[in-house]
Amino acid sequence: MSIDLERLRDYVKSLKAERQDSPIGKVKSGATEIIRRNRQELERMHREDGATWTEIAAGLAVQGVTQGDGQPITGRRLTALMHNIRVQEERRRNKKNGERNAGDPPDERGADPT
């Protein structure tokens, strides 16, 4: 079987153009970065001051922090972002220390050949 490389290139090029227009991986509202920079203080407010995540989210929303769709950030979205940021930070720490993260493929070096 032979393939038409020109046609393949055109098709892949069109898929690539669609991918570049996708919102996946693009900064939408900046909420994640704001929360990442202030994570420790937000956690302190929750833990030590007794503020609920909903109250913290409402305070952030008043200051213009929105979700990706432009709506004010909610407590549910804030807790999801906090979790995601913690997981990312843990993965970076583990990678820096040479440890495996959950979901990483097994290290095949030194694996039992049987």
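Residues numbered from 1 in each chain as written. Predicted model: local features only at pLDDT ≥ 70, side-chain atom pairs only at ≥ 80, totals over all residues. Heavy atoms only, no water.

S.K.: For this particular structure, what's the right way to read the overall build of the protein chain?
M.R.: The helix and strand inventory of the protein chain stands at 4 helices and 0 strands. Among the 114 residues that make up the protein chain, the fraction classed as buried is 19%. With an accessible surface of roughly 9300 Å², the protein chain has 51% of that area assigned to carbon and sulfur atoms. (Helix = DSSP H or I, 4+ residues; strand = E, 2+ residues; numbered from the N terminus. Buried < 20%, exposed > 50% of the residue type's maximum accessible area, 1.4 Å probe, protein only. Areas by Shrake-Rupley, 256 points an atom, 1.4 Å probe, with all protein chains shown as cover.)

S.K.: Could you clarify how one ought to interpret the pattern of salt bridges in this entry?
M.R.: When the charged atoms of two side chains lie near each other, side chains of opposite charge can form a pair. Summed over the entire model, instances satisfying the criterion amount to 9 salt bridges. For glutamate 43, the salt bridge identified is with arginine 39, shortest N-O distance 2.7 Å. Taken as a pair, glutamate 43 and arginine 39 lie in helix α2 (residues 31–47) at a separation of 4 residues, close to a single helical turn. Taking relative accessible area as the criterion, glutamate 43 reaches 14% and is therefore assigned buried. (Salt bridge = Lys/Arg side-chain N within 4 Å of Asp/Glu carboxyl O.)

S.K.: How should I be thinking about the nonpolar core in this particular structure?
M.R.: The nonpolar side chains of a soluble globular protein tend to be buried, and buried together. In this structure, Ile35, Leu42, Ile56, Ile73 and Leu78 are the most contacted members of the largest nonpolar core, which totals 14 residues. Excluding residues that lie within four positions of it along the chain, isoleucine 73 makes contacts with Ala31, Ile35, Ala57, Leu60, Ala61, Val65, Thr66, Gln67, Leu78 and Leu81. (Core = buried A, V, L, I, M, F, W, Y, C linked by side-chain atoms within 4.5 Å. Contact = heavy atoms within 4.5 Å.)

S.K.: I tried to follow the side chain of glutamate 89 on my own but got confused; where do I start?
M.R.: Positionally, glutamate 89 belongs in helix α4 (residues 75–96). Within the structure, the side chain of glutamate 89 is placed 2.9 Å from the side chain of arginine 39, a separation counted as a polar contact. (Polar contact = N/O pair within 3.5 Å; in protein donor to acceptor, adjacent residues only side chain to side chain.)

S.K.: Where do I start with the confidence of the model for the protein chain in this structure?
M.R.: Interpretation of the predicted coordinates at a detailed level should be avoided for regions scoring low in pLDDT. Taken as a whole, the protein chain shows an average pLDDT of 83; of its residues, 78% reach a score of 70 or greater. Averaged over each element, pLDDT in the protein chain is lowest for helix α1 (residues 5–21) (82) and highest for helix α3 (residues 53–62) (95). (pLDDT = per-residue confidence, 0-100.)

S.K.: Would you take a moment to explain a nonpolar patch on the surface for this structure?
M.R.: A cluster of nonpolar residues, Met1, Ile3, Leu5, Leu8, Tyr11, Val12 and Leu15, forms a patch on the protein surface that exposes about 800 Å² of accessible area. Its location among the elements puts isoleucine 3 in the segment before α1. On the accessibility criterion, isoleucine 3 (57% relative accessible area) is exposed. (Patch = residues over 30% accessible without salt bridge, like charges linked within 9 Å, V, L, I, M, F, W, Y side chains within 5 Å.)

S.K.: Just checking my understanding: could you explain the packing of α2 against α4 for this structure?
M.R.: The N-to-C vectors of α2 and α4 enclose an angle of 85°; their axes lie 10 Å apart at closest approach. As summarised for this structure, α2 and α4 are arranged roughly perpendicular, according to the angle between their axes. For the pair formed by α2 and α4, the contact residues are Ala31, Thr32, Ile35, Arg36, Arg39, Leu42 and Glu43 on the first element and Leu78, Leu81, Met82, Ile85, Arg86, Gln88 and Glu89 on the second. (Axes fitted to C-alpha atoms, helices over the stretch in contact; angles between N-to-C directions. Parallel < 35°, antiparallel > 145°, perpendicular 65-115°, else oblique.)

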